[in-house]
Each structure stands twice: as C-alpha cells, then as structure tokens.
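Commentary on secondary and tertiary structure
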Amino acid sequence: MQQVFDRWDEFRAAVATRSGQRGRPFKDAELLAPSPFPRQSIGVGFNYDSHVSEVAGNMAPPAGAPLIFAKFASCVSGPYADIELVSDTVDFEVELVAVIGRTAINVTREQAWEHVAGVMVGQDISERCVQQQASPQHSIGKSYRTFGPTGPWLTTIDELPDPDDLSIECEIDGTMMQRDRTRSLIFDVSQLIAMLSAMMTLLPGDVIFTGTPSGVGALRTPPRYLREGEVLTSSIEGLGSLSNRIVRPTSFGKLALSWRPELIK
Ligand code: ZN
C-alpha cells in the first residue's frame, strides 16, 4: 500500500482507465488498515467545539492553533482489529482520518484537498492515566499497540458530496456514545494540512487523526471506559464503519502504565 500512496497520481490514472471493471469480491474480515505503515501519524486534540466545551472545566480551550501530538505509526491497525485493554481507563475517540496522497510542503488551504488521497474512519484509543499524568504523555498514552484502528477502506474525495460535512458517531455494544458532524471541526482538514505543511513535510500515506467530538468516556459522570468483551463501532457517513472488539492484552508489560524510567532495568 505504501507504494500505491507513493505513486498515487499514477495509480488514480490507471484505475480511471479501468472504469466499468469491478474488483474481486471480498469479505469484510479480510480488510486491513488502508495505510498500514504510515511514515508519520499525527493526532489533533481539542478540535470540536462540543469536545472543547466538555473539557473546558479542566483545561483551557485552544487559542488559534490546534493541539498536535504523535500517534506513533506502530499503533495503526485495521477496521476489525481487536483493541487491547491495557488498563481500566482505556477510552474511545471516533475521528475522521485523512490520508496524504501527495507530498505537502507549504500548501495553501485552497490546495490542501488536492494533497489528500482519501479519508476514512479512525479511533484514537487513549489510555487516560498515562495521557493525563502530571507530566502529560499524549503521544505515548495514545500509541499503545492496537490503539489506532482505521478503515474500513479509503474513500476518495470525489465520492463525497461535501467532504467537510459528514455525520460521525460511535457506539459501544449498540449504545450511542458520540455523535456529531465533521462541519463542527474547529480546524477542518484543509486548515490542518495548511498549518502542518507550513512546519513539516507531509508524505504520501501519512495519516492525520483530526480530533474527536464530545461524548468520550473520561468526561462522562461517572466516567465510562471500555470493558473487556465489548464491541466498539465507529461510523462516518459515506465512509463505512469500524468494528473493534475489546480484549485482554496479550503483549502488555507490567511497566507499561507506570511510565517510571527508574523501574526499567
Ligand atoms: Zn483524539
């Protein structure tokens, strides 16, 4: 897939000449992450008004610029991958994820969508204790193995009547937890790409998790975190749905939550 993103324009042109031909049928369970090994995976925090309002009691809302963190690429997983429950404070965040299709350096807002290969559904799974400890660890708390489900496929922008206004929601075992529209993004996809590409080079295949609306577990009363055996379903209008089961971890070390370097031998 990385080679497809590296030659995205060529790929699109080749596919266009084959219109009318259908791909082979597939089973949902066969699908993996559309960009499985992005060179960069970027997260955006505090990017829906509804979410900023629910957080506002604890933290100041952003002033003119979004919170950016690394959601390290090794956490990216597929649309039906299990999510490992590394603690009892693992939270959900449904997000629109943009995948870069052309190297972006200093692109304007107007040029930004031309640099996007497509969009997909994502979950910015977050271990809240690590994320919000005294010395906050956004990047690590959101980058545990299995913490970045994406998919179920990449939708190109021409498939969407308005890529900036899609319903977005997530459910746990059929109970609605988050619901909004992407037009409520404070910094939309074009603005994020313009801002990011002014500072860093965005590369084909890179993923940008654009932020989550209100309803996350940590900010509910009482808090509502993910539990073993539950199924998290995340959907965006026109982009499909992820379905991820919450499982006991198979690959989790005792030190993984403490983040205390003095304990590491
Ligand atoms: Zn997030």
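Above this text sits the structure in question.
What you are looking at is a predicted structure, and each value in this text was computed from that prediction instead of being measured. Each chain carries its own residue numbering, running from 1 in the direction its sequence is written. Two thresholds apply to this predicted model, a pLDDT of at least 70 for residue-level local features and 80 or more for giving and counting side-chain atom pairs, whereas whole-chain, interface and lining totals are computed over all residues. With hydrogens and water set aside, each side-chain value is computed from the structure's full complement of heavy atoms.

1. Brief notes about the overall build of the protein chain
For helices the rule is a DSSP run of H or I covering at least 4 residues; for strands it is a run of E covering at least 2, with both sets numbered from the N terminus onward. Counting its secondary structure elements, the protein chain contains seven helices and 14 strands. Relative to the globule expectation of 18 Å for 265 residues, the C-alpha radius of gyration of the protein chain, 18 Å, shows essentially globular dimensions. Based on the C-alpha atoms only, the size of the protein chain along its principal axes is roughly 55 × 40 × 40 Å. With a 1.4 Å probe rolled over the protein chains alone, any residue whose accessible area is under 20% of its type maximum counts as buried; one over 50% counts as exposed, and the rest are partly exposed. For the protein chain, the residues scored as buried account for 49% of the 265 residues in total. Across the protein chain, the fraction of contacts at a sequence separation of at least 24, relative to all contacts at a separation of at least 6, is 79%. Each radius of gyration reported is based on C-alpha atoms, and the globular scaling rule is 2.2 Å times the count of residues to the power 0.38. Throughout, a contact is declared for two residues whenever any of their heavy atoms are within 4.5 Å.

2. Considerations on the coordination of the zinc ion
Metal sites are built from N, O and S donor atoms within 2.8 Å, or 3.2 Å for Na, K and Ca, and they leave out water, so they may look incomplete. At this site the zinc ion is bound by Glu93 (OE), Glu95 (OE) and Asp124 (OD), with donor distances of 1.9 to 2.0 Å. Each donor residue of the zinc ion lies on the same chain, and together they follow the pattern E-x1-E-x28-D. Highlighted residues: Glu95 in strand β6 (residues 94–100) and Asp124 in the loop between β7 (116–123) and β8 (126–127), separated in sequence by 29 residues. Comparing Glu95 with Asp124, the two get one shared label, buried.

3. As for the layout of surface pockets
Over the atoms, a rolling probe the size of a water molecule traces out where space has been left empty. Both site types are read off a 1 Å grid over the protein atoms alone. A 1.4 Å probe that fits but cannot get out defines a cavity, while an open set with protein on both sides within 12 Å along at least five of seven lines defines a pocket; lining residues have an atom within 4 Å of a point. Grid points are joined across faces, edges and corners, and a volume is the space filled by probe spheres set on the points. Computed from the structure, the largest pocket encloses a volume of approximately 1,400 Å³. As for the largest pocket, its lining consists of 27 residues, of which Phe11, Val15, Phe26, Trp153 and Leu154 are closest to the centre. Elements represented by at least two residues in the lining of the largest pocket include exactly α2 (8–16) and β9 (148–155). The residue classification treats Ala, Val, Leu, Ile, Met, Phe, Trp, Tyr, Cys and Pro as nonpolar and Asp, Glu, Lys and Arg as charged. All others, Gly included, are polar. Looking at the lining of the largest pocket residue by residue, the classes come out as 15 nonpolar, five polar and seven charged.

4. Details of the sheet that holds strand β12 (residues 207–209)
One bridge is not enough; two strands pair if DSSP finds at least two bridges between them. If you trace the seven strands from one edge of the open sheet to the other, you get β2-β1-β12-β6-β7-β9-β3, paired in mixed fashion. The two strands at the open ends of the sheet, each matched to only one other strand, are β2 (67–70) and β3 (76–77). Contacting β1 (41–45), β2, β6, β7 and β12, helix α7 (residues 189–199) crosses the sheet at an angle of about 55° to β6. Fitting a line to C-alpha atoms yields each axis, with helices limited to the stretch in contact; the angle taken between N-to-C directions then spans 0 to 180 degrees.

5. Some words on the pairing of strand β11 (residues 175–181)
Judged from the six bridges that link them, strand β10 (residues 167–172) and β11 form a sheet pairing that is antiparallel. In the strand pairing of β11, Cys170 is matched with Gln178. Between β10 and β11, which pair antiparallel in sequence order, lie two residues; one of them, Asp173, sits at a positive phi of approximately 45°.

6. Concerning the packing of aromatic side chains
Each pair of aromatic rings taken from Phe, Tyr and Trp, with Trp reduced to its six-membered ring, is defined by centres within 6.5 Å and is described as stacked if the planes are under 30 degrees apart, edge-to-face if over 60, and tilted in the remaining cases. Within the structure shown, the criterion is met by three aromatic pairs. Aromatic side chains Tyr144 and Phe147 sit 5.2 Å apart centroid to centroid with 45° between the ring planes, which places their arrangement in the tilted category. By relative accessible area, which is 10% here, Tyr144 ends up buried. An aromatic cluster is defined as three or more aromatic residues linked by ring pairs; in this entry it consists of Phe5, Trp8 and Phe11. Only lysine NZ and arginine CZ atoms are considered, and such an atom sits over a ring when it is within 6 Å of the ring centre and within 35 degrees of the ring normal. Above the plane of the ring of Phe209 lies Lys71, whose end atom (NZ or CZ) is 5.5 Å from the centre.

7. Observations concerning unusual backbone geometry
Looking along the chain, the bond that leaves Gly151 and enters Pro152 is cis, with omega of -5°. Inspection of the secondary structure puts Pro152 in strand β9. A cis amide bond links Thr221 to the next residue, Pro222, at an omega of -10°. Its location among the elements puts Pro222 in the loop between β12 and β13 (231–236).

8. Regarding the pattern of salt bridges
The salt bridge criterion pairs a side-chain nitrogen of Lys or Arg with a carboxyl oxygen of Asp or Glu, the two atoms within 4 Å. Applying the stated rule across the entire model yields 18 salt bridges. In this structure, the salt-bridge partner of Asp9 is Arg102, at a minimum N-O distance of 3.0 Å. Placement of the pair is Asp9 in helix α2 and Arg102 in the loop between β6 and α4 (109–112), with a sequence separation of 93 residues. With relative accessibility at 34%, the residue Arg102 sits in the partly exposed group. Among the salt bridges present, the one from Glu237 reaches Arg181, with a minimum N-O distance of 3.1 Å. Taken together, the residues span a long stretch of sequence, with Glu237 in the loop between β13 and β14 (240–247) and Arg181 in strand β11 at a distance of 56 residues. Members of the salt-bridge network, linked through shared partners, are Lys71, Asp91, Glu93, Asp124, Arg128 and Lys142.

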